[in-house]
Structures are given as structure tokens and as C-alpha cells.
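# Understanding the architecture of this molecule
Residues per chain, in single letters:
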Amino acid sequence: MMHTLVLFPFFALIILNLPLRVIFRRLSFWVVFALSLIQIFLVFFPQNAFWGTHFNFLNTFFRFNLSADGLSMVMLLSIGIVTLTALLVARQMITDSDRMALFCSLLLIAMAGMNGAVLVRDIFSLYVFLEITAVASYIMIAFDKNIFSFEGAFKYLVLSAVATAMMITAIALVILFSGSTEFYLINYAIRASAHTSLIVLSLGLFLCGFFIKAGLIPFHSWLPDAYSSAPAPVSIFLAGIVTKTTGVYTLIRIFISIFGFNGQSQRILLLAGIISVVIGAIAAITQKDFKRMLAYSSISQVGYIILGLGCASSLGIAGAILHIFNHSVFKSLLFVNSAAVETQTGKTNMDEISGLGEKMPVTAVTSTLGALSCAGIPPLAGFWSKLLIILALWVGGLHVYAVVAILSSVLTLAYLLSIQRKLFFIKGNSEENSQIKEAGFGISLASTLLAFISLATGVFFPFIINSFIVPFGKIFGRF
Amino acid sequence: MNLHLVILIALIFAALWTVMTRSLIRSAIGLALTSAILTIVMFALNAPLAAVFELSVCAGLISVLFVSTISLTHPLSRQEILQHMKDRLTRFWYLPILVAVCAIILSALDIKFSLKLPAHETENDVRVVLWNLRQFDILGQIIVLLSGVFGVVILFREKNKK
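If you're wondering where the values come from, they're calculated on a predicted model, not measured in any experiment.

### Considerations on the overall build of chain A
Helices and strands together make up the secondary structure of chain A, namely 21 helices and 0 strands. Here the C-alpha radius of gyration of chain A, 21 Å, is about what a compact globule of 479 residues would show, namely 23 Å. Principal-axis analysis of the C-alpha atoms places the extent of chain A at approximately 70 × 60 × 45 Å. Here chain A holds 479 residues, and 57% of them are scored as buried. Long-range pairs, those at least 24 residues apart, make up 80% of the contacts in chain A between residues at least 6 apart in sequence.

What follows is the structure in C-alpha cells.
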């Protein structure tokens with residue numbers, strides 16, 4: 001019944017928009033709310049019949065080959081959480097009911113696209129569902145229809161089209177040497193194939209394509225513009241899950257399910273990862289706009305995930321996958337906080353804002369938790385995933401990478417604490433701040449929930465390790 | 001083999017012309033020409049159905065859409081056209097060189113692989129492929145189309161109101 005995770009958002013989209021649109025559009029919020037909650041709920045019951053059995057009636061029409069392993073489950077959970085967050089923030093920020101209904105429809109499209117992408121086991125279907133997510137993202141970024149959002153959307157569109165062209169060429173090469181599009185058949189073909197040059201070429205094209213989608217340095221030029229020019233709920237959605245699914249998840253998937261690792265690909269991943277970690281962190285320090293700073297911080301954090309993948313060990317991959325989840329949570333949280341500050345002050349330049357801590361206590365506390373988790377401070381969630389990645393680097397004999405990763409983490413702490421201090425904890429202009437109050441219920445609820453998840457994942461990590469980390473090891477163990 | 005080479009070179013020239021030509025309408029025609037040449041390549045590679053789709057959709061339908069949209073825009077003056085041409089040349093002057101360098105490198109690499117094209121008779125019927133084997137992709141295509149519709153509704157609707 002896994003296909004309902006794609007079909008229900010699709011059906012909901014049609015029902016909400018076509019017949020009786022005037023009546024149903026009021027329900028848009030609640031439909032997306034319910035679908036994302038159900039998705040989160042289902043992930044906590046991996047033994048549930050939902051993940052295995054086939055629902056006979058739907059199955060007569062739709063015969064899809066889908067499967068969900070631990071990695072897919074983590075992605076589905078992240079998709080559910082981030083969609084819910086973006087929805088709560090959007091309800092607060094998009095006041096026009098028509099536009100809210102359209103935003104909900106876009107969320108449904110993106111949800112169907114991402115759910116499809118994490119469940120398929122076919123390289124061409126993966127491409128189709130990545131395209132769905134990408135198209136929904138372009139529209140979302142340009143949602144405000146001002147010149148900056150159009151510029152951000154256009155940059156993303158152009159670079160994403162380049163990535164797409166690379167991916168489709170790589171898929172054509174894969175079909176050429178394997179004669180198939182299914183992951184496991186390609187994997188067999190690669191092991192038996194003598195066409196080494198074709199395999200290397202297709203892997204290279206895939207890597208470039210996914211690096212662009214993930215926004216890794218030097219393919220990152222679209223990312224800060226897109227994140228900072230998009231409306232706040234879209235920034236949350238993009239930073240929290242879209243780039244993680246379209247770039248990072250796909251990268252991990254093609255390595256563990258299709259290509260496997262060798263010395264060269266491992267070196268490329270490690271190099272790309274460490275460059276992004278360091279340059280992303282350095283670029284973040286120099287930013288004055290806090291949304292741009294968070295965007296560069298995202299590049300740096302994605303670098304950690306790629307470093308974990310580059311270790312090519314079950315520990316490294318477990319760390320990478322856990323860091324995807326943690327990053328979804330704490331980066332969404334920080335973007336929710338930035339939305340709160342933006343709505344209340346109307347500014348995004350850090351030099352113009354200060355002393356909001358007293359006026360916005362919920363935002364101040366939750367954003368401090370988010371920043372500490374992002375910097376990898378115990379006992380928050382970010383600490384454990386970074387620890388796993390750095391341990392994996394150390395155990396794998398990559399000592400220099402491990403040391404640089406730790407130093408960059410200190411850099412992350414430095415810039416995130418400086419923004420916390422500037423925005424919330426130093427005394428501000430009391431006249432300017434007199435009108436400011438805490439952001440509304442939706443934003444506060446979203447930030448509190450995310451801060452709670454970040455804290456709970458960190459504190460209860462010893463319990464989580466058995467239910468999550470061990471299965472991750474098994475994923476990798478198969479190949 | 002030589003004929004294939006000529007077709008491929010023509011394809012590259014048509015594509016270069018599309019990017020570097022001076023006006024949008026010529027670009028649209030260049031794109032149609034590229035698609036038409038690609039159709040010939042597809043026929044030569046035993047893929048008549050893909051060729052028919054390429055010819056009817058890419059060379060036909062999309063060109064019609066492009067040309068009609070361009071005809072709705074304000075035409076450029078002669079001076080603007082000259083400026084535009086200059087801009088394009090300064091922006092894309094390296095493209096022919098890049099193509100030539102890539103061609104030289106690829107021919108120097110002398111990549112050889114035994115390409116086994118499926119025999120025409122053994123290919124799956126396109127109906128079977130579309131409706132039975134690639135069902136999930138069809139669903140994906142429908143969702144992509146719907147997102148395109150939403151894009152138009154969200155990004156252009158207010159303009160109509162004004």
C-alpha cells in the first residue's frame with residue numbers, strides 16, 4: 001500500500017482543485033495537515049501492514065514496484081515533518097485564502113514527488129519524480145512574484161535544467177551498458193560489465209547532477225539566492241527537505257543501491273564534502289542577511305553528510321543518514337525562527353536588528369537550541385550525527401578530514417552564536433523594538449515542535465541507535 | 001557510417017545556430033531544425049516511434065508554441081537586433097571552440113564499446129511499455145503536467161486581473 005503515499009496527495013490535489021473547488025479549497029490546509037501527520041505516524045510503525053501488503057482494489061489499477069528500507073523511512077519521516085512545519089508557517093504568513101489553497105496544492109505536488117522519489121527502485125522513475133519536485137519548487141520560489149523571487153527561481157531553474165540534462169544522459173548510458181533501469185539489475189550489470197569507461201562517465205554525470213541539486217560547492221551559486229529570495233515557508237521547505245531529497249538522498253541511493261564504492265569515487269565524495277564544509281562555513285560568517293547565512297550554513301552541513309557517505313562504511317552512512325534527518329529538523333527550525341524575525345521586524349539584515357530576546361522569548365530559546373544542534377553541541381541531535389561522521393572518518397584512517405570537520409564545527413558554532421547574540425541577547429534599541437511581539441501561534445508551534453524533536457532525538461539517542469542505526473548498517477551491508 | 005557522421009555534424013551545427021543566431025524567431029526555427037535532424041538519427045537507430053514523437057511534439061507542437069509566443073511580443077528595432085547579436089556573440093563565442101575541443105578529445109580517446117541495439121522485432125510494443133511497464137512514470141508525467149498548470153495559474157493569474 002506504499003503507493004498511496006504518492007496516490008493520495010495526487011488524488012487530494014485533483015479533488016481540492018477540480019470539482020466543487022469553492023467548497024474544498026477551505027479544506028486544503030487540513031488535507032495537507034492530515035496527510036503529513038499520517039505519513040509521520042506510519043513511519044513509526046515499520047511492521048505495520050501498510051508497508052508490506054497490497055491493497056487489492058487500488059492494486060488492480062496501479063501496479064507499481066516500490067519498496068521502503070531504513071533510508072526511505074527516514075526520508076519519509078523528514079518529508080512529513082518539514083511539510084507540516086512549512087504548512088503551519090504558511091498558514092500564518094499567507095493571509096489570502098486563495099493563495100493559501102494554491103500553496104497547499106504545491107505542497108501536495110512536492111510531497112507526491114518526494115515520496116515517489118524515495119520509494120522507487122527504478123532509475124528513470126526516480127528522474128521523473130525528481131522533476132515533479134523540481135517543478136513544484138520553481139513555482140514555490142517565485143510564489144511572491146517579486147523581482148528577487150523570480151531571479152532566485154530562474155537561477156534554480158537554469159542550474160536544475162543543467163543537472164537534469166546530466167542525469168538523463170547518465171541514465172541513457174546506464175541503459176546502454178545494463179539494458180535495464182531497475183536498481184538491482186543495474187547493480188548486477190555493473191559488477192559483470194566490461195564497459196568501465198561508460199560506467200565511470202555515467203557515475204561522473206550523476207555526481208555532477210546531484211551535486212548541483214544538493215548545492216555543493218562549486219555548484220552552489222543558485223542556492224543562497226533561492227533560499228533567501230523565496231517566501232519564508234518555501235525557504236523552510238527547500239532547505240529542510242527538497243534539496244536533501246533531490247540531491248543528497250539520490251546521491252546516497254545511487255551509491256548504496258547501484259554503483260557501490262571504489263577508491264576514486266570515495267576520494268571525490270570526501271573532497272567535495274570537505275570543500276563544502278569549510279567554504280560554506282567561511283562564507284556563512286561573512287553574510288549580513290540571516291537567510292543567506294543559513295543558506296551557506298546549509299551548504300556546509302550538506303558537506304558533512306557527503307563526508308559521511310564518502311567514508312563508505314556502515315558507520316559513516318548511518319551518520320550521514322542521521323545527519324539528513326537532524327539537518328532537516330534544525331535547519332527548518334532556524335528558518336522558522338528567521339520567518340518569525342522577518343515577520344515581526346520586516347528586516348533580514350542582522351546589522352539592523354538586535355535585542356529581540358525579551359520580546360520574542362519562544363523564538364530566542366528555540367533558535368538557540370537549533371543553533372546549538374547545528375553546531376553539534378551535546379546532548380542535542382546534531383552532536384550525535386556529527387560524532388558518528390567524525391568517528392567514521394577517524395576509524396577509516398582519514399584523520400585530516402576528521403580534524404578539519406571538527407574545526408569547521410567550531411566555526412559553525414562561532415557564526416551561529418554570534419547571530420544569536422546579535423539578534424536576541426544584546427540590548428537593542430528599545431524604541432524600535434517597542435512594537436515587536438512574539439510571532440503568532442502557527443510559527444511558535446512549529447518552532448517549539450522542531451526544537452522538541454531536536455532535543456528529544458539527542459537525549460534519547462541511546463534508544464534510537466538500536467532502532468535506526470543498526471538498520472542503516474544493514475542497508476549498507478547488502479552491497 | 002559516414003552518413004551518420006554527416007547527420008551528427010548537421011545536428012551540432014543546427015544546435016549551435018539555435019543558440020548563437022541573432023533573433024528569437026530564428027532560434028525557434030533552429031530548435032525545430034535540430035529536432036528534425038534528431039528525428040532522422042532516431043529513425044536510423046531503429047526507434048521509429050520515438051522519432052515520430054520527436055517530430056510531432058518537439059519539431060511541430062513546441063515550435064508552434066514558441067513562434068506564437070514570440071509573435072505576441074514587441075518586435076525589436078534594427079539597432080536592438082544588432083546589439084542583441086553582438087551580445088550573443090560575446091556571450092557564446094567559445095561554444096564552437098568548446099564543441100570542436102570536445103570532438104577532438106572524444107575521438108582521441110577512441111572509446112569503443114560493443115553497442116547492442118535491440119532488434120526491431122524483439123522490442124516491447126510501445127503500448128505495453130507505456131501502460132504496463134512504465135505506469136508509475138505515466139502517473140509522474142500527469143503530476144508534472146498538473147504542476148505546470150499550477151505554475152501558470154499562480155504566476156500569471158493576477159496579471160490577467162489587472
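So that's the structure; there's more coming.
### So, the nonpolar core
In this structure, A:Val89 and A:Ile109 are the most contacted members of the largest nonpolar core, which totals 184 residues. Excluding anything up to four places from it in sequence, A:Val89 contacts A:Ala232, A:Pro233, A:Ile236, A:Val336, A:Ala339, A:Gly442, A:Ile443 and A:Ala446.

### Brief notes about the interface of chain B and chain A
Opposite the 18 residues of chain B that make contact, chain A presents 29 residues. For the side of chain B that touches chain A, the class distribution of residues is 11 nonpolar, 6 polar and 1 charged.

### Some details on the environment of A:Phe452
By secondary structure assignment, the location of A:Phe452 is in helix α20 (residues 441-459). With 82 residues separating them along the chain, A:Phe452 and A:Gly370 place their C-alpha atoms 9.9 Å apart.

### Notes on helix α13 (residues 263-285) of chain A
Residues and elements named next belong to chain A. In a regular helix each residue adds 1.5 Å, so 23 residues correspond to 33 Å; α13 covers 33 Å between its end C-alpha atoms and thus fits that length. What α13 keeps buried is the set Leu269, Leu270, Ala272, Gly273, Ile274, Ser276, Val277, Gly280, Ala281, Ala283 and Ala284. Buried residues belonging to α13 abut α10 (196-214), α14 (290-310) and α18 (399-425).

### Overview of the domain arrangement of chain B
Annotation of chain B at the domain level lists domain 1 (2-119) and domain 2 (124-162). Measuring from the centre of the C-alpha atoms in domain 1 of chain B to the corresponding centre in domain 2 of chain B gives 25 Å.

### Remarks on unusual backbone geometry
What you tend to see is this: most non-glycine residues have negative phi, and most peptide bonds are trans. Residues and elements named next belong to chain A. Residue Pro218 is bonded to the preceding Ile217 through a cis peptide linkage, with omega at 10 degrees. Examined against the element boundaries, Pro218 turns out to sit in the loop between α10 and α11 (222-229). The step from Pro378 to Pro379 runs through a cis peptide bond, and the omega angle for that step is 5 degrees. For Pro379, the position within the fold is in the loop between α16 (361-375) and α17 (381-395). Non-glycine residue Lys145 carries a positive phi angle of around 55 degrees.

Parameters and conventions
Residues numbered from 1 in each chain as written. Chains lettered and ligands numbered in written order. Predicted model: local features only at pLDDT ≥ 70, side-chain atom pairs only at ≥ 80, totals over all residues. Helix = DSSP H or I, 4+ residues; strand = E, 2+ residues; numbered from the N terminus. Rg over C-alpha atoms; globule rule 2.2 N^0.38 Å. Buried ≥ 20, exposed ≤ 12 C-beta atoms within 10 Å, placed from the backbone. Contact = placed C-beta atoms within 7 Å. Core = buried A, V, L, I, M, F, W, Y, C linked by C-beta atoms within 7 Å. Nonpolar A, V, L, I, M, F, W, Y, C, P; charged D, E, K, R; others polar. Expected span 1.5 Å × (residues − 1). Domains from an automatic or database assignment.

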